[in-house]
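Residue-level structure breakdown
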Amino acid sequence: MSGPDETSPDETGRDQTPKAGSEETHGAQAAQGPVPPPEPAEDDDAANLPARRGEERLSEPVVRTGMFGTFGSSDTSGYGRLQVRRPPPIGSPRPYGSYFDDVADALDTALAGGFGDAIERVVADRGELTFHVRRERLPEVAARLRDDPALRFELCTGVSGVHYPDDPGRELHAVYHLLSITHNRRLRLEVSAPDSDPHILSLVGVYPAVNWHERETWDFFGIIFDGHPALTRIEMPDDWKGHPQRKDYPLGGIPVEYRGAKIPAPDERRHYS
Amino acid sequence: MTQAQTPHAAAGASDAETTEGRVYTVSGEDWDEIVAAANEARDFESGERIVVNMGPQHPSTHGVLRLVLTLEGETVAEVRPAIGYLHTGIEKNMEYRTWTQGVTFCTRADYLAPLHNEAAYCLAVERLLGIEDKIPERAQIIRVLLLELNRITSHLGGIAPLGLELGATTMYTQGARLRERGLDLLELITGLRMNHAYIRPGGVVQDLPPGALEAVRAFLDTAPGLLQELRRLVDANPIFVGRNKGVAYLDLAACMALGVTGPMLRAAGLPWDLRKSQPYCGYETYEFDVPVTDSCDAYGRYEIRVAEIEQSMRIIGQCLDRLAARGSAGPDKDPVMIRDAKIGWPASLSLGPDGLGPSPEHIKHIMGQSMEALIHHFKLITEGFRVPAGQAYAAIEAPRGELGAHVVSDGGTRPYRVHLRDPSFNHLQSVAAMCEGGQVADLIPAVASIDPVMGGVDR
Amino acid sequence: MGLEEKLPSGVLLTSVEKVAGWARARSVWPATFGLACCAIELFQTGGPRHDLARFGMERASATPRQADLMIVAGRVSQKMAPVLRQIYDQMSEPKWVISMGVCASSGGMFNNYAIVQGVDHIVPVDIYLPGCPPRPEMLMDSILKLHDRIMNMKLGKNRDRQITELEEARLGLTPLRLAAPEEAQL
């Protein structure tokens, strides 16, 4: 999900460094000093031409309108008609760069050629590799990633959820970060589920460490991990209603009272997004 | 049960079922057989298993951790940790603040090592911005200096309560004494003893004040001696050793399965330290060792923490040398915040006759000299900078283990989602693996050897 | 409470008040209620530099039954609130509460669903101590102010009268007028 976000004509006039397949990596290469920026991708693929990119952008739904969080007749900012669209989901083309190709190839071998079935999309961005995994295939992919000698991602450092209400059919994402101590590599797995069917298969059998993380993700987002031994609330009180970190759950603050003024709670204030 | 079916060792002993349960009549020296038989029968109704709540308010649980124990005598049959008593909604709050203001929130997660939280978050934001290699060198050195100083105070903040909980209050006062000196330095440099909000995306917020280098040198002169006093008191103390050696055993396979990193993993024999394997902030240019033992127990973790304090002092010495070599060239030649006008925090504070405020040079610049600077100042302070859409995960070696920040941006001035992967959250899952089957009294050094900080666990 | 509550007002009661106030103030035992970052500053206040033991307060009683003072140090989450109330109820009279830090006093910077916006929603607070976190010196200042109050606390019938007087004085305070020092009593 990278790519420059053109929110307004000349708002972000800063340097647009190329993002896809960037050379900034963890680990081994970091010690070599500042890395020169990569050459712009010289592909004749029409997908990268500005006109094509513009069509992609305009076909995305609008996620925000206006500026400063004001709407209606009181909005004198002049930005009332501004429409911000959701950034289009990108997939990185091969070659991904650094160790990412090795990981993808090794996983393909481990899945006996089923890489394309299990992985919907690969994003290699800002020095990190993300596999968007189909949720039915998640435990199998995770088991291969853990056990295959060329992969050996022994540690799963955790699961977290992200709620994208603007992405119908794929609202709830669960993000797993894996770490390979043997090969000194990192990987991210991302699984999505719709709000209407928020079930994702649990990885407790593969990585017992995610036990509490899955409970936390259930607590905060409502993602039900099938196969989890004890999916209960962990951070909120046991009888709490709702899943607090979803975008449709209010922040829940109270107005701040001063002498002579009352400032609304943080989620109701003016904002500059 | 008739007498014929249950043989007894001593003559005259019998058992019978009554309305109150099974009643044993003992006549001779066969108490061991009775107890063994009762244990084998798993006679729960007789009340041998009790459920005890080491509640959220407890002097020895390192914060508001609740442990529900099922005890058989002194043996812990089951332990279930319950957390969430300090859940603050930090991650959700950060979605309603700008990227820079988010630092003030994430700093309060793991409150014993606040600079580490800030560093993880800022590294993730910098990766999203694409400015990882544009952070000024001076800022990186100051970051390393403060991170190591924070590591020292954090480890002491774990070791001192360990002593207090075991009843060794002098360990507590010794640790607090040394920690106080570290906090003095942090206050001198950042302005606050805790929750500093000093490391910000793009660098650090202010340069070192005059006299800081000398103060840190003075600390490095006296601190090793104070640490040695603590060690002389404790390291070979038979009670301390007896309570910590062999307690809370967690071997390498268990660590891998439970996602354990940090001193606990290094106590299991694996020399994994993110500062060495995936360096950040220039750590690859510093010389330091990674202490490792293979005892897998609480005593090994204590030894590693003390050794890490010593290594941190070594790193701080190197930082001081570098800063001294750079001299004080001033903010133009040797900045501490990135020079990108659309990202770097503009306001440089200085102490004037009426208190702390923007420095007069800065005001003169933005009001009289440069319209662009005024605009940048205005926009950065009201709205903040914009971060291109995407997600990043930056992990650092916090005192407790791998502290990661997963940051998702949708292209706006506020984070879309920030998740802090706190090491103590993972490590508390291992309490059951470490303590079940052991004694109740071993729970205390076990939890203390994890050194959990409930602010990070619950966020 | 005790015999001292049943004494009739007079010279005897006044002398007893003085002695009782002096005794109570000199060994206030705090209940360990450190929750978050403020607990770390509380822990440093017990350290050698800012020494709580000089007030007789280093014996922090883990059991609320023997504690006099509950220093609510840190943010109180919704899950922790019933526990807080239960510990407060388990403390025996006389008891005092210092809400240490802005999170305990008013919810602090966490104006959200998870944090109780001020511990005075749950327990009656005697001293509010702002700061994020307050320095150990600030904590000691608040403890000394509490000691003043304890010393001047009256007993029995005088106490009821004192409470009524203070209540009326407080109701008459407008936000712009600060309480004079002699009014700053329990």
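In this convention, every chain numbers its residues from 1, walking through the sequence in written order. For this description, chains carry letters from A and ligands carry numbers from 1, given in the order in which they are written. Only residues with pLDDT of at least 70 are given local features in this predicted model, and only at 80 or more are side-chain atom pairs given and counted; all residues enter the totals for whole chains, interfaces and linings. Water and hydrogen atoms play no part in the side-chain values, which are based on all heavy atoms of the structure.

Moving on, we come to the pairing of strand β6 (residues 172-180) of chain A. All names here are of chain A. Throughout this description, buried means an accessible area under 20% of the type-specific maximum (1.4 Å probe, protein chains only), exposed means over 50%, and partly exposed covers the range between. Secondary structure counts use DSSP, requiring at least four H or I residues in a row for a helix and at least two E residues in a row for a strand, with both numbered from the N terminus. Taking burial as the measure, the 9 residues of β6 include 9 buried ones, the bulk of the element. Of the two faces of β6, the one holding L172, A174, Y176, L178 and S180 and the one holding H173, V175, H177 and L179 are both buried throughout. Between any two strands, pairing holds if DSSP finds at least two bridges. When strand β5 (residues 155-163) meets β6, the two strands line up antiparallel, connected through 8 bridges. Paired with V159 across the bridge in β6 is Y176. Both β6 and strand β7 (residues 185-193) contribute to a ladder of 9 bridges, which runs antiparallel. Of the residues in β7, the one forming a bridge with L179 is R186.

This brings us to the confidence of the model for chain A. When pLDDT is low, close inspection of the predicted coordinates is not appropriate. Residue and element names in this part refer to chain A. Across chain A, pLDDT averages 78, with 78% of residues at or above 70. The predictor's confidence in any single residue is recorded as pLDDT, a number from 0 to 100. The lowest-confidence element of chain A is helix α1 (residues 50-58), averaging 75 in pLDDT; the highest-confidence one is β6, averaging 93. By the convention used here, residues are in contact when the closest approach between their heavy atoms is within 4.5 Å. For residues 1-33, every residue scores under 50 in pLDDT, and the model assigns this stretch 72 contacts once sequence neighbours within four places are set aside.

This next bit is on the interface of chain C and chain B. Much of the literature gives interface size as the accessible area that the parts lose upon coming together. Each partner contributes to the interface: chain C provides 32 residues, whereas chain B provides 38 residues. Once two parts are joined, some of their accessible surface, as seen by a 1.4 Å probe, is lost; buried area is that loss totalled over both. Both faces considered, chain C and chain B share a buried interface measuring about 3,100 Å² in area, 59% of it formed by carbon and sulfur atoms. For chain C, the biggest contributors to the area lost against chain B are C:F43, C:R75 and C:M109; these three give 19% of the whole. We define a salt bridge as a contact between a side-chain nitrogen of Lys or Arg and a carboxyl oxygen of Asp or Glu at a distance within 4 Å. Counting the contacts that link chain C with chain B gives 4 salt bridges. In protein, a polar contact requires one atom able to donate a hydrogen and another able to accept it; more generally it is a pair of N or O atoms within 3.5 Å, and residues adjacent in sequence count only if both atoms are side-chain atoms. Linking chain C with chain B are 15 residue pairs in polar contact (both at pLDDT 80 or more).

All names here are of chain B. If you trace the backbone, G175 turns up in helix α6 (residues 169-190). Overall, the relative accessible area of 0% leaves G175 in the buried class. In this structure the C-alpha to C-alpha distance between G175 and G157, which are 18 residues apart in sequence, comes to 7.3 Å. Excluding anything up to four places from it in sequence, G175 contacts L156 and A160.

Looking now at the packing of aromatic side chains. Residues and elements named next belong to chain A. For this analysis, a ring pair means two rings from Phe, Tyr or Trp (six-membered ring only for Trp) whose centres lie within 6.5 Å, classed as stacked if their planes differ by under 30 degrees, edge-to-face if by over 60, and tilted for the remaining angles. The full count for this structure, using the stated rule, is 13 aromatic pairs over all chains. Judged by centre distance (5.5 Å) and plane angle (85°), the rings of F115 and F131 are edge-to-face. Taken together, the positions of F115 in helix α3 (residues 115-118) and F131 in strand β4 (residues 128-133) put the pair 16 residues apart, joining distant regions of the chain. In this structure F115 comes out as buried when scored by relative accessible area, which is 10%.

Moving on: unusual backbone geometry. In the segment running from A:R94 into A:P95, the intervening peptide bond is cis, with an omega of -10°. On the secondary structure map, A:P95 appears in the loop between β2 (83-85) and α2 (100-110). Note the cis peptide between C:E93 and C:P94, where omega equals -10°. Of note, the phi angle at B:N195 is positive, near 50°, even though the residue is not glycine.

Take the nonpolar core next. A:F131, A:L145, A:Y176, A:Y207 and B:Y121 are the most contacted members of the largest nonpolar core, which totals 139 residues. Considering each element in turn, this core owes the most residues, 13 residues, to helix α5 (residues 137-166) of chain B. Residues in contact with A:L145, not counting those within four places in the same chain, are A:L107, A:L151, A:R152, A:F153, A:L178, A:L187, A:L189 and A:Y207. We define the nonpolar core as a collection of buried residues of types Ala, Val, Leu, Ile, Met, Phe, Trp, Tyr and Cys that are connected through side-chain atoms lying within 4.5 Å of one another. B:M194, B:A446, B:M454 and C:L84 belong to the second-largest nonpolar core, a separate cluster that totals 74 residues.

What follows covers the pattern of salt bridges. Residues and elements named next belong to chain B. For the coordinates displayed, the defined rule picks out 50 salt bridges over all chains. Among the salt bridges present, the one from D273 reaches R266, with a minimum N-O distance of 4.0 Å. Like D273, the residue R266 is buried in the burial classification. For the salt bridge of E383 with R386, the shortest nitrogen-to-oxygen distance reads 3.5 Å. R386 shares its class with E383; the two are buried. Within this structure, E148, R151, R266, D273, R275, E308 and E397 form a network of salt bridges that share partners.

Residue and element names in this part refer to chain B. Spatially, 3 strands are ordered β10-β11-β12 in an open sheet, and the strand pairing comes out antiparallel. A single partner strand is all that each edge strand has here, and the edge strands are β10 (390-398) and β12 (417-421). Strand-to-strand, the axes of this sheet are offset by a mean angle of 10°, without reference to chain direction. As paired strands, β10 and strand β11 (residues 401-409) are joined by 9 bridges and run antiparallel to one another. Each bridged residue has a counterpart across the sheet, and for A398 the counterpart in β11 is G401. Helix α4 (residues 114-129) contacts β10, β11 and β12 of the sheet and is inclined by roughly 145° relative to β10. Interaxial angle, 0 to 180 degrees, is taken between N-to-C directions of lines fitted to C-alpha atoms, where a helix line uses only the stretch in contact.

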